[in-house]
Amino acid sequence: MQKTIISVRDLVKNYGSFQAVQSISFDVYEGEIFGLLGPNGAGKSTTLEIIETLREKTSGKVFVDGIDLDKQPAEIKKNIGVQLQTSGFYPSLNLVELIRLFGGLYNKSVDPLALLKKVNLEDKALNKSKELSGGQKQRFSIATTLINQPKIIFLDEPTTGLDPQARRNLWDLIREIRLAGTTVIITTHYMDEAEQLCDRIAIMDQGKIIKLDSPDKMIDELVAGGFERPKQVKAANLEDVFIHLTGREMRDE
Ligand code: ADP
Ligand code: MG
């Protein structure tokens, strides 16, 4: 039996008369990578930010590691890692200084170099965040989620806008974080990303969860229902060609 670490019940969020999240319920299990998959505007970020205590809900209940969001939001905040927007980082500070600053905000002492090593950025320790490439910025932003040694990290579209190498590199990093025991909840609108990375996904559309299961089960169910792809699928796609030609190693160092 899996242990539930996040429990969302009948969550509703209205912006004025617009219903962005329409009574959704789901559980996230400890140690899994859970995906919220859906098109732009589906309500993924709204849902995530409510759980992160960054946005007010209209109604419903949220429990994070047994803590009631309505009663102890500050306790929840202590136990979770939220991705900070790199655009908000102080431009004149280098990565080590930024990590020390954030560590101070959480009242945690951190070893900046060890943390940077975890996300493969030890060479950039003395660089400023504006000097990082897109993939490096995302890796640094993921590093900042780990500063308070959280049980759960929240990643909102961490790979949007990245090239194929940087995306794969980030997937590896997310898998490593999970292997170390951290639960990951991630939003994405990339189907391949959800399929490759997530143990279970909730497909969201127009504020509702229309399906929740493992990617494997969803695909098997569709095929069992008689679905067939219109034509023979090739054994590789253009992305495979691209990765094969350019290699998997990072370009943006
Ligand atoms: P997603 O992350 O899936 O793209 P969002 O949660 O950002 O979706 O947004 C869901 C819907 O709520 C969208 O239609 C969006 O325009 C709307 N929305 C988001 N934030 C606000 C806000 N602060 N005020 C009004 N509408 C908002
Ligand atoms: Mg979003």
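In this report, the structure presented in the accompanying data block is examined. (Residues numbered from 1 in each chain as written. Chains lettered and ligands numbered in written order. Predicted model: local features only at pLDDT ≥ 70, side-chain atom pairs only at ≥ 80, totals over all residues. Heavy atoms only, no water.)

A few words on the packing of aromatic side chains. In this description, a pair of aromatic rings is defined by centroid distance and the angle of the planes. Tallied over the full model, the rule gives one aromatic pair. Aromatic pair Phe26 and Phe34: ring centres 5.4 Å apart, planes at 5°, arrangement stacked. Judged on exposure class, the residue Phe26 and its partner Phe34 are both buried. The cationic tip of Arg167 hangs over the ring face of Tyr190; the distance from NZ or CZ to the ring centre is 4.3 Å. When the ring centre of Tyr29 is taken as reference, the NZ or CZ atom of Arg200 above it lies at 4.0 Å. (Phe/Tyr/Trp six-rings, centres within 6.5 Å; stacked < 30°, edge-to-face > 60°. Buried < 20%, exposed > 50% of the residue type's maximum accessible area, 1.4 Å probe, protein only. Lys NZ or Arg CZ within 6 Å of the ring centre and 35° of its normal.)

Ligand 1 sits among Tyr15, Phe18, Ala20, Pro39, Asn40, Gly41, Ala42, Gly43, Lys44, Ser45, Thr46 and Arg55. A distance of 2.8 Å is found between an oxygen atom of ligand 1 and a side-chain nitrogen or oxygen belonging to Ser45. It is helix H1 (residues 44-51) that provides the largest number of residues to the shell around ligand 1, a total of three residues. Taken together, the residues of the shell around ligand 1 break down into five nonpolar, five polar and two charged. (Near = heavy atom within 4 Å. Polar contact = N/O pair within 3.5 Å; in protein donor to acceptor, adjacent residues only side chain to side chain. Helix = DSSP H or I, 4+ residues; strand = E, 2+ residues; numbered from the N terminus. Nonpolar A, V, L, I, M, F, W, Y, C, P; charged D, E, K, R; others polar.)

Read from one edge to the other, the open sheet built from six strands follows the order E6-E7-E8-E3-E9-E10, with strand pairing classed as mixed. Bordering the open sheet on either side are strand E6 (80-82) and strand E10 (208-213), each of which pairs with just one other strand. Mean inter-strand twist for the sheet, computed between neighbouring axes without regard to direction, equals 15°. Bridging between strand E3 (residues 33-37) and strand E8 (residues 183-188) involves five bridges; their strand directions are parallel. Opposite Ile33, over in E8, you have Val184 as the bridge partner. Running over the sheet, H1 touches E3, strand E7 (152-156), E8 and strand E9 (200-205) and is turned about 150° from E7. (Pairing = 2+ DSSP bridges. Axes fitted to C-alpha atoms, helices over the stretch in contact; angles between N-to-C directions. Contact = heavy atoms within 4.5 Å.)

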